[in-house]
Structures are given as C-alpha cells and as structure tokens.
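What follows is each chain in one-letter form.
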Amino acid sequence: MTSRLDYNQIAPAGAKALGGVYGYVMQSGLPSVLLELVYLRISQINNCAYCLDMHTRDLLKKGQKIEKIALLQAWAEAGNLFDERERAALAWAESVTRVAETGVPNDAYEAARAVFDEKELVDLTIAISLMNSYNRMAISFRNTPHAAIEG
C-alpha cells in the first residue's frame, strides 16, 4: 500500500482541530481502556489497518490481555471478558458507526443510557464520531500501519 498524501502536513489546522477533539475526549473522564476498545472496534468495522495496528498496540501497552483484544470483534459472545460498560459502549459504537444501516434505534439508545449518564453518552458519541473521522482519513490517504513499516 502506497501512501497518497500526508494530510497532517497539507492541512495542519484541520489535523490540529481533530487533535483538539481527541484531547477533549481523553480528559472527559471516560476510562482510557474503554475508549481504546471502542476505537479498535470501530477500526475493525471500518477495516482501517493503520488504526487497527495503533489501537492494538495501545491496548497492549495499557496491559490488556491478548485474549480480550483477539475476541473484541466477537465481544457479544465473549462472556464476562467484557464488563457491562464495555459491552454497552461497544454496542453503541457499532450502532453509531453503522448509522446508515441502523438509524441508531431507540433500543440501542435506551441500552446505552442504562449504563452511561447523559454527559458520558455524549462524550462517548463524540469519541465514536472522531474515530470514524480518523478511520476515513487514514483509509482515504492510505496511512501505512507501523507493523508494515517495521516489516
């Protein structure tokens, strides 16, 4: 895969704006591991190799077990490997990421609201939207995953 262009250099103000949203999300109070799991799951749905590589590495650095990372795609069948908030966040992330298919139905909203307060749910949805944006940038401009560089 050949990189198409470096959007960080071409539009630094735009990249900085996305980074500002990332900074907001990271200080929102949502647990960083929960956010990384959500980011990795969204990247799986979108098939973003660059982000799959990065968020897998980040989860490993945060001490997450390889079994949990390996079963993320099948989280709903993974028993108690994922806690209640992680399961709710992953379900919400899937519904919001697939908005054109799901329309984010009321039952998905009610399930998320049962576990997250209003601000947490808004912050989680901002995080989901941000990761979808990052995935679209990385895929569109062919960011090379670190694993491919390291070879």
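The residue count restarts for each chain, going from 1 along the sequence in the order it is written. Local features in a predicted model are, by the rule used here, given only for residues with pLDDT of at least 70; side-chain atom pairs are given and counted only at 80 or more, and totals for whole chains, interfaces and linings are based on all residues. To get the side-chain values, take all heavy atoms of the structure and skip hydrogens and water.

A. Seen up close, the overall build of the chain. The way it works is that DSSP assigns letters per residue, a run of H or I at least four long becomes a helix, a run of E at least two long becomes a strand, and they are numbered from the N terminus. A count of helices and strands for the chain gives 10 helices and zero strands. Listing each helix as α and each strand as β along the chain from the N terminus yields α-α-α-α-α-α-α-α-α-α. The globule rule puts the C-alpha radius of gyration for 151 residues at 15 Å, and the 15 Å found for the chain is close to it. In terms of principal-axis extent, the alpha carbons of the chain reach across some 40 × 30 × 30 Å. Each residue's exposure class comes from its accessible area (1.4 Å probe, protein chains only) as a fraction of the maximum for that residue type: buried when under 20%, exposed when over 50%, partly exposed otherwise. Split into buried and exposed, the 151 residues of the chain put 37% on the buried side. Every radius of gyration here is taken over C-alpha atoms, with the globule rule written as 2.2 Å times N^0.38, N being the number of residues.

B. Main features of the packing of helix 2 (residues 12–26) against helix 3 (residues 32–46). Between N-to-C directions, angles cover 0 to 180 degrees, with each direction set by a line fitted to C-alpha atoms, over the stretch in contact for helices. Between helix 2 and helix 3, the shortest axis-to-axis distance is 10 Å and the interhelical angle comes to 135 degrees. Considering the angle they form, helix 2 stands oblique to helix 3. In this structure, helix 2 contributes Tyr-22, Val-25 and Met-26 to the contact, and helix 3 contributes Ser-32, Leu-35, Glu-36 and Tyr-39. Gly counts as polar in this scheme, as do all residues outside two lists: the nonpolar Ala, Val, Leu, Ile, Met, Phe, Trp, Tyr, Cys and Pro, and the charged Asp, Glu, Lys and Arg. Here the residues of the contact of helix 2 with helix 3 sort into five nonpolar, one polar and one charged. The cut-offs work like this: below 35 degrees is roughly parallel, past 145 is roughly antiparallel, 65 to 115 is roughly perpendicular, and the gaps in between are oblique. Two residues qualify as a contact provided that any one of their heavy atoms is within 4.5 Å of a heavy atom in the partner residue.

C. Just the layout of surface pockets, in detail. The distinction between a cavity and a pocket rests on a 1 Å grid over the protein atoms alone: a 1.4 Å probe fits inside a cavity but cannot get out, while a pocket stays open yet meets protein on both sides within 12 Å along at least five of seven lines, and a residue with an atom within 4 Å of a point counts as lining. Grid points are joined across faces, edges and corners, and a volume is the space filled by probe spheres set on the points. Here the largest pocket is characterised by a volume of approximately 270 Å³. Along the walls of the largest pocket sit 15 residues, with Tyr-7, Tyr-50, Cys-51, Met-54 and Tyr-134 positioned nearest its centre. Ranked by residues supplied to the lining of the largest pocket, first place goes to helix 4 (residues 49–61) with five residues. Within the lining of the largest pocket, the residues separate by chemical class into 10 nonpolar, three polar and two charged.

D. Spatial organisation of the side chain of Asn-132. Within the fold, Asn-132 resides in helix 9 (residues 118–140). In this structure Asn-132 comes out as buried when scored by relative accessible area, which is 9%. Distance and chemistry together define a polar contact, namely a pair of N or O atoms within 3.5 Å, with one atom able to donate a hydrogen and the other to accept it when in protein, and with adjacent residues in sequence counting only for side-chain atoms on both sides. A distance of 3.1 Å separates the side chain of Asn-132 from the side chain of Thr-97, its partner in a polar contact. In terms of polar contacts, Asn-132 uses its side chain to reach the backbone carbonyl oxygen of Ile-128, at 3.0 Å. If we skip the residues at most four places from it in the chain, Asn-132 touches Ile-42, Asn-46 and Thr-97.

E. Molecular detail of the nonpolar core. For this analysis, a nonpolar core means a set of buried residues of the types Ala, Val, Leu, Ile, Met, Phe, Trp, Tyr and Cys, connected via side-chain atoms within 4.5 Å. Ranked by internal contacts, the top residues of the largest apolar core, which has 36 residues, are Val-38, Tyr-39, Phe-82, Trp-92, Phe-116, Leu-124 and Ile-128. Only helix 3, helix 4, helix 6 (84–97), helix 8 (106–113) and helix 9 provide two or more residues apiece to this core. The leading source of residues in this core is helix 3, at eight residues. With residues near it in sequence (within four places) discarded, Phe-82 still touches Leu-37, Lys-68, Leu-71, Leu-72, Trp-75, Arg-87 and Leu-90.

F. Broad picture of unusual backbone geometry. Despite not being glycine, Asn-47 shows a phi value in the positive range, around 55 degrees. With respect to the secondary-structure elements, Asn-47 resides in the loop between helix 3 and helix 4. Of the residues examined, Asn-47 reaches a relative accessible area of 63% and is grouped as exposed. Residue Val-104 is not a glycine yet carries a positive backbone phi of 45 degrees. With respect to the element layout, Val-104 can be found in the loop between helix 7 (99–102) and helix 8. Residue Val-104 is classed as partly exposed on the basis of its relative accessible area, which comes to 22%.

G. Quick look at the pattern of salt bridges. Basic side-chain nitrogens of Lys or Arg form a salt bridge, by our definition, when they fall within 4 Å of a carboxyl oxygen of Asp or Glu. All told, the structure shown has five salt bridges when counted by the stated rule. Its salt-bridge partner being Arg-41, residue Glu-94 comes within 2.7 Å of it at the nearest N-O pair. Placement of the pair is Glu-94 in helix 6 and Arg-41 in helix 3, with a sequence separation of 53 residues. Arg-41 carries the same exposure label as Glu-94, and that label is buried. The residue Arg-85 makes a salt bridge to Glu-120 at a minimum N-O spacing of 3.2 Å.

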